[in-house]
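A closer look at the structure
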Amino acid sequence: MSEEKKLPAEGGEEYSLNDDRRVRVLSPGRLVLQRFLRNRLAIVGMVMLIVMFVFSFIGGLLIPYGQAEQFYTYTYMNKEYVGVTRNDSLRFLAAEGREFGSLPQAQFILATETGKTEFSYKEADYRLADEGNDFYSIYSGGDLVAMAFKDIVYTSDGMPELGFAVKHAALKALASGESAFSAPDAGTYTLDGDHNILKDGVEVGYISRFVVQSKENGVVITRDFKERLEDALDAGETVFAYTAPDAPEGETNEYSITYDAGAQVWSVNQATKTYVYDMYGRPSAAHPLGTDGTGMDMLTRLMYGGRVSLVIGFIVVIIEVVLGVVMGGISGYFGGWVDNLIMRIVDIFYCIPSTPILIILGAAMDSLQVDPQIRMLYLMLLLGFLGWPSVARMVRGQILSLREQEFMTATEATGLRVPRRIFKHLVPNVIPQLIVISTMGLGSVILTEATLSFLGLGVKFPFASWGNIISDVNNSFVMTNYWFIWIPAGICLLITVLGFNFVGDGLRDAFDPKMKR
Amino acid sequence: MRNFVIKRILISIVILLFVTLIIYVLIRCLPASYVDNMAMQLSTAPGAKSYEEWRAQLNAVYGLDKPMLLGWLNWLKEFCTGNLGDSWKYTVPVIEKFKDTIGVSFIMGLISLILELLIAVPLGIVAATKQYSRLDYGISAAALVGISLPTFFFASLLKLFFSVHLGWFDTHGLVGRNFTQLDAWGQFLDMAHHLVLPIATLVIISVGSLMRYTRTNMLEVLNADYIRTARAKGLSERRVIYHHAFRNTLIPLVTIVGASLPGLFSGALITETLFAIPGIGYTSYQAMISGDIPFTMFYMTFLAILTLAGNLLSDILYAVVDPRVRLS
């Protein structure tokens, strides 16, 4: 199978039987390589691994973002700016120095509903005068003591508060449709078509049936805004644009109006621009895989996560192999009670349920709040420490059969020291199996680490790992709506582990001298 | 044979003692988060004792103030007399919680083992008989994909497609919302319906290794001399493969299946947790992360016993199935 006959050679030249060029002799290493390269699955696995290594190690260098760099975005949030109600109940205002409490108010309403013009409360008798337009004056003993109204008199911005007499006169004028009125001790006023109250041509107040309340602290609603808003409400519009008179050119604020029929309130909402973390941002040109729940770029996280997963995998396997070779080598070479002791230790390790142990230790590190970086170190040591027995068992088995062979007798005869005999002459013969077992082991270590990180007990934030990226899927909203958060990480994980398994499988076949390929 | 079994059981007991000692020491070395949390909770009640006092009292109640070795000996004594203690988290005796939860885990494990065998053995044999064909590559690749799939990712994918998009199954739990209103048959169907996805996950994740094991063994058998002899006799290929080769492949298969029988009781920790199936795995995961020492101790010891039992069973079965093997 190793020979390739070249008969007849080009040029018609005949090789003699003992010519070196007649057969191509391949070294065992070349043979293994040739068998490996013929295995299609192994080549596919190799390509997968190269892609993932380039993605994780070189991709992380090329991408302009950092592992824990957070991105921000502007979002528009609809905040309620003002609430508007139409005043449909009577309001009362008592004259200066008089009282008109809630009990006489009730008597008043009773009187208006029964159509009476007089009512009494305690010893006082009251007389009411219906001025029209839901406006009543209330007299007691000839004096004006209070008024009841639905249209409200507001004082203009920056003007002194209007007194009771002025308000009463204004409302009376409005009810009777007059355009000028005078109040005692306050002079004359005019009332224009927009229900503005003017004194000497200056606006001092206005009358309106709408109550406009600001919903934000420190925001004063201007008269102009109110008027425009009332016009919009009267027209039944749902969108309202307002340009402040003193605002710079073109600065128009847009508001949306919603009406709550139950509470009879119009809410005027303003879309405000807010600067927030770009949470679960959709894939875009800047972020090809979107952003995660903390506003970090997913592609970058994937690359750095790959680094963490691969580095952890390699370090753990190195720990496993070193411990396993030393223990297995000693055990297999010496035999006897040393072998017995080491193998019983191996048995004990086999028996310890490793997943529960890792979960318990992870939970303990959670409660101790171990620094994420140190935690990663502990994780590697732990996984390595729990994984060495299978390597030791394999190495011991191989060495048991190897040490009976003649070349070992030869090393003994030449007087080599024991460590040299074990590590120079026995262990190299185990290397093919070691390579296979560690390639397959890399895949399973990466899976274990990912599972732990998925459960929140392995690699922790701010470090990325494929497992803790996928753990976002525990939030069922993320699972259903944001595929780009967890599916790419799962695919990366699958490709890497599959790559190691394909290559490991190909190597096992290639190293196996019984294979007929 | 009898001497071998007795010797192995004795060794297993010694190993078990060390394993429980290691687990006990490990658990005791950890901060007893359960006691701490409980003391914290109790001390916030109006007029309560201080946190330190509660902690000291609780430690005494739960026997955590004794030295570790003494505590272990105490635990061992109780364990040997069949007293497994009371679970802290579930506030019932450990054995009661165990009885409640083991059933569903065992059924899940059994069904998936049967399905795995039904899928893996025929496919493994086909792959071996047609070595290096396209079919063989396909089956081997599929088996390796199954081995490489992370359980949690695959389970999430299944949930996304079958529960969210198609709406065929619930994402979590063992019983539906109207479980109590169903009759016995309806309750059975409801539970079966809820177990479809977890069992599918278990089967697909673990079918690969069994398939590869069958293939490897079948290949080894097919390379044996007696197969060449059978072919030389002029037997039909069918008869060679299904009569001569397959029977010999069964030897290692029976061994490995026998060895995995104790494992049926260990529960599938990750799968049960992902689907919130109240089996032994999910229950003990909850116990572990809340620091419930009696339940955790019991579960880990139980797992260790199952592992040892599996190893022993596999050795014995090997001798029983293959008369050439003699145990000594």
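Residues numbered from 1 in each chain as written. Chains lettered and ligands numbered in written order. Predicted model: local features only at pLDDT ≥ 70, side-chain atom pairs only at ≥ 80, totals over all residues. Heavy atoms only, no water.

1. Examining the overall build of chain A
Per the secondary structure count, chain A includes 14 helices and 15 strands. Against the 2.2 N^0.38 benchmark of 24 Å for 517 residues, chain A shows a C-alpha radius of gyration of 45 Å, more extended than a compact globule. Judged by the C-alpha coordinates and their principal axes, chain A covers about 140 × 65 × 35 Å. For chain A, the proportion of its 517 residues judged to be buried stands at 47%. Counting contacts in chain A only where the partners sit at least 6 residues apart, residues at least 24 apart contribute 63% of the total. Summed over all atoms, the accessible surface of chain A reaches about 26500 Å², with 56% contributed by carbon and sulfur. Put simply, chain A has 43 plus and 57 minus side-chain charges, and the middle of one group is 19 Å from the middle of the other. (Helix = DSSP H or I, 4+ residues; strand = E, 2+ residues; numbered from the N terminus. Rg over C-alpha atoms; globule rule 2.2 N^0.38 Å. Buried < 20%, exposed > 50% of the residue type's maximum accessible area, 1.4 Å probe, protein only. Contact = heavy atoms within 4.5 Å. Areas by Shrake-Rupley, 256 points an atom, 1.4 Å probe, with all protein chains shown as cover. Lys, Arg positive; Asp, Glu negative; His and termini not counted. Charge placed at Lys NZ, Arg CZ, Asp CG, Glu CD.)

2. Some thoughts on the domain arrangement of chain B
Think of interface size as the accessible area that goes away when the parts come together; that is how it is often given. Residue and element names in this part refer to chain B. The domain architecture assigned to chain B consists of domain 1 (2–80) and domain 2 (94–321). Here the C-alpha centre of domain 2 lies 33 Å away from the C-alpha centre of domain 1. Taken together, the 17 residues of domain 1 in the interface contact 14 residues of domain 2. Roughly 1500 Å² is buried in total at the junction of domain 1 and domain 2, and carbon and sulfur atoms are behind 83% of that figure. For the pair domain 1 and domain 2, the interface holds one salt bridge. For D315, the salt bridge identified is with R8, shortest N-O distance 2.3 Å. In this assembly, domain 1 and domain 2 are joined by one residue pair in polar contact (both at pLDDT 80 or more). If you list the elements that add at least two residues to the side of domain 1 that touches domain 2, you get α1 (2–29), α2 (33–43) and α4 (68–80). Its residues placed into classes, the side of domain 1 that touches domain 2 shows 13 nonpolar, three polar and one charged. (Domains from an automatic or database assignment. Buried area = accessible area lost by both parts, 1.4 Å probe. Salt bridge = Lys/Arg side-chain N within 4 Å of Asp/Glu carboxyl O. Polar contact = N/O pair within 3.5 Å; in protein donor to acceptor, adjacent residues only side chain to side chain. Nonpolar A, V, L, I, M, F, W, Y, C, P; charged D, E, K, R; others polar.)

3. What to know about the interface of chain B and chain A
With 43 residues of chain B in contact, the opposing surface of chain A contributes 45 residues. Counting each side, the surface lost to burial between chain B and chain A is near 3900 Å², with a carbon and sulfur contribution of 82%. When the area that chain B buries against chain A is broken down by residue, the three leading residues are B:Y137, B:F152 and B:F153, summing to 17%. At the boundary of chain B and chain A, one finds one salt bridge. As a salt-bridge pair, A:D505 and B:R212 come within 2.2 Å of each other at their nearest N and O atoms. Along the contact surface separating chain B from chain A lie two residue pairs in polar contact (both at pLDDT 80 or more). Sorting the residues of the side of chain B that touches chain A by element identifies α1, α6 (134–148), α7 (151–165), α11 (269–275), α12 (280–289) and α13 (293–321) of chain B as the ones contributing at least two each. Here the residues of the side of chain B that touches chain A sort into 33 nonpolar, eight polar and two charged.

4. Observations concerning the pattern of salt bridges
All names here are of chain A. Per the counting criterion, the structure on display carries 15 salt bridges over all chains. Salt-bridge contacts for D347 lead to R344; the nearest nitrogen and oxygen are separated by 3.0 Å. Remark: R344 and D347 occur in helix α7 (residues 336–351); sequence separation between them is three residues, near one turn of the helix. Judged by relative accessible area, which is 16%, D347 ranks as buried. The class of R344 is partly exposed, set by a relative accessible area of 31%. A single salt-bridge network, built from bridges that share partners, covers D134, K150, D151 and R209.

5. Describing a nonpolar patch on the surface
On the surface, a nonpolar cluster with roughly 630 Å² of combined accessible area is contributed by B:I107, B:L110, B:I111, B:I114, B:L115, B:L118, B:I119 and B:L123. A residue is classified by how much of its surface remains accessible, and B:L118, at 58% relative accessible area, is exposed. (Patch = residues over 30% accessible without salt bridge, like charges linked within 9 Å, V, L, I, M, F, W, Y side chains within 5 Å.)

6. Re the packing of aromatic side chains
The full count for this structure, using the stated rule, is 28 aromatic pairs over all chains. Arranged with centres 5.4 Å apart and planes meeting at 80°, the rings of A:F108 and A:Y136 form a pair that is edge-to-face. Remark: A:Y136 occurs in strand β5 (residues 136–140) and A:F108 occurs in helix α3 (residues 102–114); sequence separation between them is 28 residues. An identical accessibility class is assigned to A:F108 and A:Y136; each is buried. Ring centres 5.8 Å apart and planes at 65° place the aromatic pair B:Y90 and B:F295 in the edge-to-face group. Here B:F295 lies in helix α13 and B:Y90 lies in the loop between α4 and α5 (94–129), a separation of 205 residues in the sequence. Taken together, A:F92, A:F100, A:F108, A:F119, A:Y126 and A:Y136 form an aromatic cluster joined through their ring pairs. Taking NZ or CZ as reference, A:R307 lies 4.8 Å from the ring centre of A:Y304, over its face. One residue, B:K89, lies across the ring of B:Y90, its end atom 5.7 Å from the ring centre. (Phe/Tyr/Trp six-rings, centres within 6.5 Å; stacked < 30°, edge-to-face > 60°. Lys NZ or Arg CZ within 6 Å of the ring centre and 35° of its normal.)

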